[in-house]
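Chain residues, written in single-letter form:
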Amino acid sequence: MITLKKGDKAPSFSGKNQNEETITSEQLAGKKYILYFYPKDSTPGCTAEACDLRDNYNFWMKRGYTIIGVSTDSIASHRKFIEKNSLPFDLISDSDKMIVNAFGVWDKKKMAGREYYGILRTTFIINENGIIDEVFTKVDTKKHTEQITKVLKKKKKLQIWQKHQKKSEKKS
């Protein structure tokens, strides 16, 4: 069950990417990143989500975000998924489920009347200070970038308004 929420410190993590290189939360300190958890490589929903982020990769890079996907698939599976879909970002293999458990996205699921454990499709937007800015649990796989940007734009407008309010209060 996902217990992490907006404003929480993101858990520390470490995992191997498709090139068997270690990626850690410590390496991401001082950077904004999109950490998205997905159930399985090469399935329709997961492919749609990855390709939406791929198609908007430059948009995210220009705004200073790094994109990292996480699933429990193997490094070899990630490598094939990246090659097949020309994904420009890293995918972490979390076969020991340390990261998915730390983020609370490994839980009981139900499909076609059967219960099983798996990844709850979730995206965390994490800021430069390692704080979770947003959590998306109802992911629109085909329009995920649009979904994220709508929320971030609202947040930006609120921050601008709050800044303006503070300036107005100081003048009073």
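These figures come from a predicted structure and were not determined experimentally.

A. Geometry of the pairing of strand 3 (residues 32–37). Counting buried residues in strand 3 gives 5 out of 6 residues, a clear majority hidden from the surface. Strand direction decides the pairing type here: strand 3 and strand 4 (residues 65–71), joined by 6 bridges, are parallel. Residue pairing across strands places Y36 opposite G69, the latter belonging to strand 4. Pairing between strand 3 and strand 8 (residues 122–126): 5 bridges, direction antiparallel. Residue L35 lies in a different strand from strand 8, and its bridge partner there is F124.

B. View of the packing of aromatic side chains. On inspection of all chains with the given rule, the structure shows 11 aromatic pairs. Centre to centre, the rings of F59 and W60 are 5.0 Å apart; their planes meet at 80°, and the pair counts as edge-to-face. Of the residues examined, F59 reaches a relative accessible area of 25% and is grouped as partly exposed. On the basis of relative accessible area, W60 is assigned to the buried category, the value being 1%. Three or more aromatic residues joined by ring pairs form one cluster here, namely F13, Y33, F37, F103 and F124. The ring of W106 has K97 sitting right over it, with the charged end atom 5.0 Å from the ring centre.

C. Molecular detail of helix 1 (residues 44–55). Here helix 1 contains 12 residues, and its C-alpha end-to-end distance of 16 Å stays within 8% of the 16 Å for a straight helix at 1.5 Å per residue. Taken as a whole, helix 1 has its buried residues at C46, T47, A48, E49, A50, C51, D52 and L53.

D. How the structure looks around unusual backbone geometry. Its identity as a non-glycine residue notwithstanding, E20 has a phi of 65°, on the positive side. Topologically, E20 is positioned in the loop between strand 1 (14–17) and strand 2 (22–24). Non-glycine residue A112 carries a positive phi angle of around 50°. Relative to the elements of secondary structure, A112 occurs in the loop between strand 6 (106–111) and strand 7 (114–119).

E. Quick peek at the pairing of strand 9 (residues 132–136). Extensive coverage of strand 9 is indicated by the burial of 4 of its 5 residues. In this sheet, strand 9 lies alongside strand 8 in antiparallel orientation, the contact comprising 4 bridges. For I125, the partnering residue across the bridge sits in strand 9 and is E134.

Quick notes on the rules
- Residues numbered from 1 in each chain as written.
- Predicted model: local features only at pLDDT ≥ 70, side-chain atom pairs only at ≥ 80, totals over all residues.
- Heavy atoms only, no water.
- Buried < 20%, exposed > 50% of the residue type's maximum accessible area, 1.4 Å probe, protein only.
- Helix = DSSP H or I, 4+ residues; strand = E, 2+ residues; numbered from the N terminus.
- Pairing = 2+ DSSP bridges.
- Phe/Tyr/Trp six-rings, centres within 6.5 Å; stacked < 30°, edge-to-face > 60°.
- Lys NZ or Arg CZ within 6 Å of the ring centre and 35° of its normal.
- Expected span 1.5 Å × (residues − 1).

Read these as layout, nothing more, since geometry by itself doesn't imply function.
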